Amino acid sequence: MNEKAAGISEDWLSLFLGIFIFMVSLGLFVGSDLLGWGISTKIWTDPTKAMSTVSSKFQPVKGEIAKIDGHKLTLKLADGKEAVVTAEGDVASLKAGDTYEKKGISGMTALFLTYAAMLIVMLVGARLMAINVGKFAVGFTVLFWLSYLCWFTGHYAHIAATKNQLAGFKISWALSLTPEAGFIVALIVGLLVGNFFPKLSETLKEAARPELYIKTAIVIMGAMLGLKAAESFTLASAVLFRGFCAIVEAYLIYWAVVYYVARRYFKFSPEWAAPLAAGISICGVSAAIAVGGAIRARPIVPIMVSSLVVIFAVVEMLILPFAAQIFLWSEPLVAGAWMGLAVKTDGGAVASGAITDALIRAKALEMAGIKYQEGWITMASTTVKMFIDIFIGVWAFVLAIVWCTKVECKPGEKVRAVEIWQRFPKFVIGYVATFLLLLFICFPSTKAIAPVDSEIKKLTTEIASLEKKLVANPADEAAIKTQIGHSKDLIKSLNSSVKEQKDMLSKAKLATDESNTFRVMFFVLTFFSIGLVSNFKKLWEEGIGRLAAVYVICLFGFIIWVGLFISWLFFHGVKPPVVIG
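Examining the overall build of the protein chain
Along the protein chain, the regular secondary structure elements total 20 helices and 6 strands. With 581 residues in all, the protein chain has 52% of them scored as buried. Residue pairs in contact within the protein chain that sit at least 24 positions apart in sequence constitute 76% of those at least 6 positions apart.

A word on the nonpolar core
A general trend in soluble globular proteins is that nonpolar side chains are found buried together. In this structure, Phe140, Tyr213, Phe268, Phe522 and Phe523 are the most contacted members of the largest nonpolar core, which totals 155 residues. A total of 14 residues in this core trace back to one element, the largest contributor, which is helix α8 (residues 210–231). For phenylalanine 268, the residues in contact, after removing those within four places along its chain, are Ala262, Arg263, Ala273, Leu276, Arg546, Leu547 and Val550. Formed by 9 residues, the second largest nonpolar core is a distinct cluster that contains Leu73, Leu75, Val91 and Tyr100.

Section: the packing of aromatic side chains
All told, the structure shown has 22 aromatic pairs when counted by the stated rule. With a centroid separation of 5.4 Å and an interplanar angle of 50°, the aromatic rings of tyrosine 115 and tryptophan 145 are classed as tilted. Placement of tyrosine 115 in helix α2 (residues 107–128) and of tryptophan 145 in helix α3 (residues 133–154) is noted, with a sequence separation of 30 residues between them. Under the relative-accessibility criterion, tyrosine 115 is labelled buried at 15%. For the ring pair phenylalanine 140 and tyrosine 213, a centre distance of 6.5 Å and an interplane angle of 50° mean the geometry is tilted.

Things to note about the side chain of serine 25
Position of serine 25 relative to the elements: it lies in helix α1 (residues 10–25). Those residues in contact with serine 25 that sit more than four places away from it in its chain are Leu35, Ala511 and Ser515.

Remarks on the environment of valine 124
Counting through the fold element by element, valine 124 comes out in helix α2. Residue class for valine 124 comes out partly exposed when judged on its relative accessible area of 46%. In sequence terms valine 124 and leucine 13 are 111 residues apart; their C-alpha atoms lie 9.9 Å from each other.

A look at the sheet that holds strand β6 (residues 99–102)
Reading across the sheet, the 4 strands line up as β5-β4-β3-β6 and stay open at both edges, with antiparallel pairing between neighbours. Pairing within the sheet leaves two strands with one partner each, and these edge strands are β5 (82–86) and β6. Between one strand and the next, the sheet's axes are offset by a mean angle of 50°, whatever the strand orientation. Relative to β6, strand β3 (residues 61–69) runs antiparallel, the two being bridged by 4 bridges. For glutamate 64, the partnering residue across the bridge sits in β6 and is threonine 99.

A few points about α1
For α1, spanning 16 residues, the distance from its first C-alpha to its last is 22 Å, which sits close to the expected 22 Å at 1.5 Å a residue. Of all the positions in α1, only Glu10, Asp11, Leu13, Ser14, Leu15, Leu17, Gly18, Ile21, Phe22 and Ser25 are classed as buried. Looking at the packing, one finds that the buried side of α1 touches α2, α8, α16 (427–472) and α18 (499–532).

Thoughts on the confidence of the model for the protein chain
Confidence along the protein chain averages 84 in pLDDT terms, with 87% of residues attaining 70 or more. Note on residues 1–5: pLDDT under 50 across the span, and 17 contacts to partners over four residues away in sequence or across chains.

Thresholds, definitions, all that
- Residues numbered from 1 in each chain as written.
- Predicted model: local features only at pLDDT ≥ 70, side-chain atom pairs only at ≥ 80, totals over all residues.
- Heavy atoms only, no water.
- Helix = DSSP H or I, 4+ residues; strand = E, 2+ residues; numbered from the N terminus.
- Buried < 20%, exposed > 50% of the residue type's maximum accessible area, 1.4 Å probe, protein only.
- Contact = heavy atoms within 4.5 Å.
- Core = buried A, V, L, I, M, F, W, Y, C linked by side-chain atoms within 4.5 Å.
- Phe/Tyr/Trp six-rings, centres within 6.5 Å; stacked < 30°, edge-to-face > 60°.
- Pairing = 2+ DSSP bridges.
- Axes fitted to C-alpha atoms, helices over the stretch in contact; angles between N-to-C directions.
- Expected span 1.5 Å × (residues − 1).
- pLDDT = per-residue confidence, 0-100.

Okay, structure coming up:
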């Protein structure tokens, strides 16, 4: 952590930033699209077509008018697809067959607007943290553009396209890493800059704040997961319950064993063993710092442990998602929960979950033709990690009591209950708030739509069956056509009955898409920053070798495997929803 004592903490700032972006996205519910100009990046072979605004309202469009419905125009585009646009002004002179063009915001302009908006928001944050605003502005500017370049590179079709997309891009091969490959590119470039370009690294130092970026991203992510939970409430409830059970069981095993190994076999003092056990077994940087503070350890202790956590999170991010894709593609939520239990930083765990989400969805589509909904694997990782984060304050308080009463008994010293609040990760409040608010907004609509969609599905199947019967029995043509017409009328009536609810969900989806633009950018900044602050040579010179030995033995000796077992125990057989069609 780099913030000064006089300023707000990164934890509080991430809460405020995430909530602010989330609240602005809700403008859609009152008719104001305030974030639709944000950058959206697509898989590309032609780089000039890779960027656009996230909302179609702001995108330029040109095509032949196919249908006119008041001010709503249906255009046939050059690629054969259709787009519906709202024409402004007098439309009386327009007719089918005319060429219509709507001006909009270019992709490069959207990128500059996204940069400018994030810079302004982050400069306010820098001011609140009482850090050097000028240095932060310079560092953030360079960090943003380098990070986005990495993200853009990861969208190159030969890197990102999945097997079913090859024909569409007219290419014969691809690595099928999905667009999330941009995270990996950002991590690798960050590592190169941090370890081989010290002057550039120093310039970026003030803005390289992975914990701030990932925590802000997680607050924003809560809204997206709240929407998904509303759409599949039963599955979301199962993920939440199983995630809670998983971390309780993991805690009972992890911390005690790591503490014992550090004390018994490596002869570390309690001052070193407790933060080390917390960092390795619980939640990395946050836990090491919280526990170090709770037991009044010297500042060097949690700093050294946190450095190790970051280094090994990098290693895990480069290995575990790909291992999960190979061995756990048929158990997607096991893989997601495993990332949450095994990778020991918020950024690393959630980002590994995002990569695993993309890799496993691509693998399942390739191997079994199953198209899972995006985000559920990430949700499993995030949920497990959130429960772990929530417990940090409680665990720090418990250890503070133990240290005060057993380890360092000092006359007259008492531990206050308020220390639970002081150690509690505040950004979790934002994650829960955005999650619950979107769930509250969307659940009534999804509850109303679900039985209607079920009935429409039955009628659609019935129509398909009648159309086959029509071919086989032309003599009954009139009766069959009457039945088909009746079923189509019922479908139209059913759709009309839930029009308002579907409009509500459509706004919610667009709002989460628009806030997700900024969530993605905070993610990319996290990956780049993690690489940037991982100076392997310097840490080794400071005598980190013995600590690293404990980390290697415990992490790869049992934590990863116990985490896998617990993930399998609670999430085996639980599948994400499947996309139909």
